[in-house]
Amino acid sequence: MSVGVQLEAPTVSGPEEGPERSDFWIYLARKVGAAIVSFFMLLVVGFIIFSLMPSDPVSALTRGRPTSDAQMNQLRHDLGLDQPLWERFLTFVGHTLSGNLGYSYEYHQPVSTLIADRLWPTLLLMGTSTLISIWLGIWLGIRAGWHPGSVLDRSASAVSLALWSVPTFWLGLILLVVFGSGTVAGIPAIFPAGGMQTHDGAGGLSHITDVAWHLVLPCLTLVAVIFAQYVTIMRSSIIDERGNPYLLTARAKGLRDEVVRRRHAVPNALLPSVTVIFLQIGGMIGGAITVEVVYSWPGLGYLTFTALRIPDLQLLEGTFIVFSAAVIVCNLIADLLYRALDPRVRRQ
Amino acid sequence: MSATQERPPDTTPVEEKAPSRLVPIWRFTLTVLRMPSGLFGVLVMLGFVLMALTAPLYIHPSDLSVTQATGPLLAPPQQGYPLGTDPAGRSVLLLVIWGSRTSLAIGVMATLLTMVLGSSIGLVAGHYQGRTGRLLMHVTDWFIALPGLPLAIALAAVLGQGAASITIAIGVTSWTGTARLVRAQTLAVEARPFIERSRALGATDTQLITRQVLPNVMPLILVSSTLTVASAILAEATLTFLGLGDPTSVSWGSLLNNAFMQGAVTAGAWWYLIPPGIAILVIVLGFTLVGRAVEHALNARVQPR
Amino acid sequence: MTAPASQIPPAAERRTDQPVEPLLDVRDLTVTYHSGKVPVYAARGVDFALAPGETLGMAGESGSGKTTVAMSLLRLLPAETTVTGEIRFRDEDLLAANWGRMRSVRWAEASVVFQGAMSALNPVRTIGEQIVEPILLHEKVGEKAARARARDLLDSVGVPSRRIASYPHELSGGQRQRVMMAMALACDPHLLIADEPTTALDVIVQAQILSLLTDLVRERGISLIMISHDLSVLASTCDRIAVMYAGRLVETGPSRQVIASPLHPYARALAGAFPTLGDPGSRLAPGGLPGDPPDLREEIDGCPFAPRCPEVEDRCRSGVIPLVRRGDRAAACVHVTGYDEAVGDG
């Protein structure tokens, strides 16, 4: 039974197709443009650090090896060090964009090859750790935030604070010595003492199990440090949601407390958390580097560490650019994801 | 802040003089100490500083020298060596105590650098709104996106091994948080009427910033600095562990680096690995808790009872 | 002390000689908030009753306790709140019910239309999902049947049923309020509580919403409690009005009589403050009151209105001033005819 006459102007039927889609493309273009600018700035900073600051890369490279002046000059020419600054910069940009990240004199391989080889182990470690941390952080954060001041909440906060206050690598060392060396308190060496695999060549399931077994301790270390941040994010998100009136409506409908939390509060609280989680990935890279070093995990972090010994500047520069570019991409994803998920932002 | 004296305007701009700051500071300190977190944190801070300063009184160079050490090699805790020994026979306890000096020194220096850098940028960005300010904020935002450790590693590697390069690396990677805070606070302070009055009476930008804005922003900088020391100590440990520190100096990070490089892990030398980490944990907790307590105390002061 | 006004004055359309079993009988309801450092005495000794199909308007300024009383009916107040007294709903004391029973009563037997529909609706769920939710919870119907009923409900409130997949922010303020009403009717409740349903709506939309609401409840025989600070709104939509001040019920009675000749000085001031729709003369006599309502953190002795009352006497300032009945009206004032006899009889 229709009651009353609608005096309000009828709204356009259905979601507005035309303006909405072009709005999204404008947004996308803006964000991608900003990312490109960031990347360019990154190249500038990288150039400044690695090409301008070192006093003489050639002498660093040839340290400890008898080299004649003529050879050093030849090396300088090869590296393009005798060219004017802006030319060097342009060459640098051109090379980087085409994938040429220089040559590592220590490994005698192109930097890009080295990075490509080590990319997968780092992705595996960071990816697994991120997934576990997110799941754990959200689960704990929701429950801590729903009952602020409760025992669970306060112990979660205390544990988070403690884990933040220790260096990641130290946590890794302790775990390694307790569970990987077999020499502490009679605990046997359950987990391998480092590396990514013990048996070479054996493919298939045994290989996967082998790698997985090696992954446990590094992953545990990385998770211990980063899940605390996700707990904090989710917790404050839920606390913010708790004050909202629509939760009272849900309660008035007769829903149980867990249902109100799960079906109403959490989806709203997750929205801002999702983007923040992506933004945290940049901070996780530091942790990943130290974990790889402690466990001799053959990834980009370990590569960076070995590059420090000489120091192999080209290799360092390559890893620096790759890490920073990855963060720029993650930030871009975070921006786009928020837009895609929030119905309020989506249809504007 | 109410003016307690006002001079008739002449060529110098009228200055709002703040009341004597001694009494509020004392009361403020008491407020901080009354909180359990504040008390613990301050005790830890003072304890470690004391320990670091008095160490030369009872630790001789021979205790720290690799060649002159006389203890058993990499031995677990025992008589005379409460925390055991390192592979060269030195007492781990003495090493950890001595290590506090370098770790604290670098932590404090790096924090100073961070504060100066971050505050300057924040003050300028907040005061000169408009293109300069916006540009600075864009740069800050971009900097925040850079992953910290790779940048620190890059800088420290290029600058060479040593305490100075680590300090600079930490400073360059940590200033953004302070800059943002200070900028926000500057904006808030500059919205207050007494700033307008001073400006109307001809105060220059420098005078405004140094005499009016800075004193109001100081408390925030104080809070921020305690938390920064905490993260600077963590950063120093990490960078030294990776081999970027001075190889001859003893710090907690270098102890762990030595332990790692010399196979303490496989040897199961837990007495060599645990103490430096515990020291870091305690001092970082101490500084963090003090920072939080100071923050609470400041908020309590702002809100009228 | 007189007995509380629990004998039901009949609804406007009923024959006066038939006593009716009340749908809702609230006795001595007292609500104290303990959310902050100091307890807040939000409602004290509130007595009123509601017959089936009757509309009751609860009037008063903000902080008078009207929302508190309404929310307490379904026990929707924060956990730390103390609620004493009796809330007899269909002959069951809800304050004594366990939570399982409470949850089944909620929405299925009594539902709420909250104020501020923008924030009372979940922003990330479609309105269809939100209407269907209580249906699926309380009734044994399938998803399809529930959605069909949701569409019918939307039609009945004047929102095109194809909007069922829209999100709250895609609708106008008036439409959202209609959605709230559709949602509240979803389980065919016996009682509907409307908390300031027209605040923040413009006047034309206000009138539409009000007439929609009254039509809907009349068609379905639903009792309505409407809360508003706007007496004129209540006057045009409710059979009876209850006026609250500082947590106490100060006057009740048929709405026309309460507006035209209020018994309590506060009700008189309130009636004077709002021009009555359709009575141009009332615009010219706004009754602005000096002073502020009392602080509810302190226990009040005597009549709470005493500090601001133009007719205050000494005996107003101490003791409890009970509700005194006069036919189907009641007021808590010493000046009501029959006050002395009623109190003396005690």
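Scroll up to find the structure.
Read on for a plain summary of the structure. (Residues numbered from 1 in each chain as written. Chains lettered and ligands numbered in written order. Predicted model: local features only at pLDDT ≥ 70, side-chain atom pairs only at ≥ 80, totals over all residues. Heavy atoms only, no water.)

1. Considerations on a nonpolar patch on the surface
Moving on, step 1. Among the surface-exposed residues, A:Ile48, A:Leu52, A:Met53, A:Leu85, B:Leu113, B:Leu159 and B:Ile168 lie close enough to one another that they form a single nonpolar patch of about 520 Å² accessible area.
Moving on, step 2. With respect to the helices and strands, B:Leu159 occurs in helix H6 (residues 148-159). (Patch = residues over 30% accessible without salt bridge, like charges linked within 9 Å, V, L, I, M, F, W, Y side chains within 5 Å. Areas by Shrake-Rupley, 256 points an atom, 1.4 Å probe, with all protein chains shown as cover. Salt bridge = Lys/Arg side-chain N within 4 Å of Asp/Glu carboxyl O. Helix = DSSP H or I, 4+ residues; strand = E, 2+ residues; numbered from the N terminus.)

2. Thoughts on the interface of chain B and chain A
Moving on, step 1. Chain B puts 42 residues into the contact, and the matching count from chain A is 41 residues.
Moving on, step 2. Across the chain B to chain A interface the summed buried area is about 3,400 Å²; carbon plus sulfur atoms make up 87%.
Moving on, step 3. On the chain B side of the interface with chain A, the three residues burying the most area are B:Trp142, B:Val158 and B:Leu242, jointly 17% of the side's total.
Moving on, step 4. At the junction of chain B with chain A, the criterion picks out zero salt bridges.
Moving on, step 5. In this structure, the connection of chain B to chain A is made through two residue pairs in polar contact (both at pLDDT 80 or more).
Moving on, step 6. Residue contributions to the side of chain B that touches chain A peak at 12 residues, all from helix H12 (residues 270-302) of chain B.
Moving on, step 7. In the side of chain B that touches chain A, the residues fall into 35 nonpolar, six polar and one charged. (Contact = heavy atoms within 4.5 Å. Buried area = accessible area lost by both parts, 1.4 Å probe. Polar contact = N/O pair within 3.5 Å; in protein donor to acceptor, adjacent residues only side chain to side chain. Nonpolar A, V, L, I, M, F, W, Y, C, P; charged D, E, K, R; others polar.)

3. Some details on the sheet that holds strand E2 (residues 40-50) of chain C
Residue and element names in this part refer to chain C.
Moving on, step 1. Taken in spatial order, the four strands of this open sheet run E2-E1-E4-E5, and their pairing is antiparallel. Among the strands making up the open sheet, the edge pair consists of E2 and strand E5 (92-93).
Moving on, step 2. Docked against the sheet, helix H1 (residues 66-73) engages strand E1 (24-33), E2 and strand E4 (82-89), running at close to 115° with respect to E1. (Pairing = 2+ DSSP bridges. Axes fitted to C-alpha atoms, helices over the stretch in contact; angles between N-to-C directions.)

4. Examining the sheet that holds strand E10 (residues 248-254) of chain C
All names here are of chain C.
Moving on, step 1. Pairing within the open sheet is mixed, and its eight strands lie in the order E6-E7-E8-E3-E9-E10-E12-E11. The open sheet is flanked by strand E6 (110-113) and strand E11 (324-326), the only strands paired with a single partner. Direction aside, the axes of adjacent strands within the sheet are offset by 20° on average.
Moving on, step 2. As defined by bridge partners, strand E9 (residues 240-245) adjoins E10 across six bridges and the pair is classed as antiparallel. Looking at the pairing, Arg240 lines up with Pro254 of E10.
Moving on, step 3. The strands touched by H1 are strand E3 (55-59), E6, strand E7 (191-195), strand E8 (223-228) and E9; relative to E8, the strand with the most contacts, the crossing angle is about 150°.
Moving on, step 4. Where helix H7 (residues 203-220) meets the sheet, its contacts fall on E3, E7 and E8, and the angle it forms with E8 comes to roughly 155°.

Interpretation in functional terms is not warranted from these geometric data alone.
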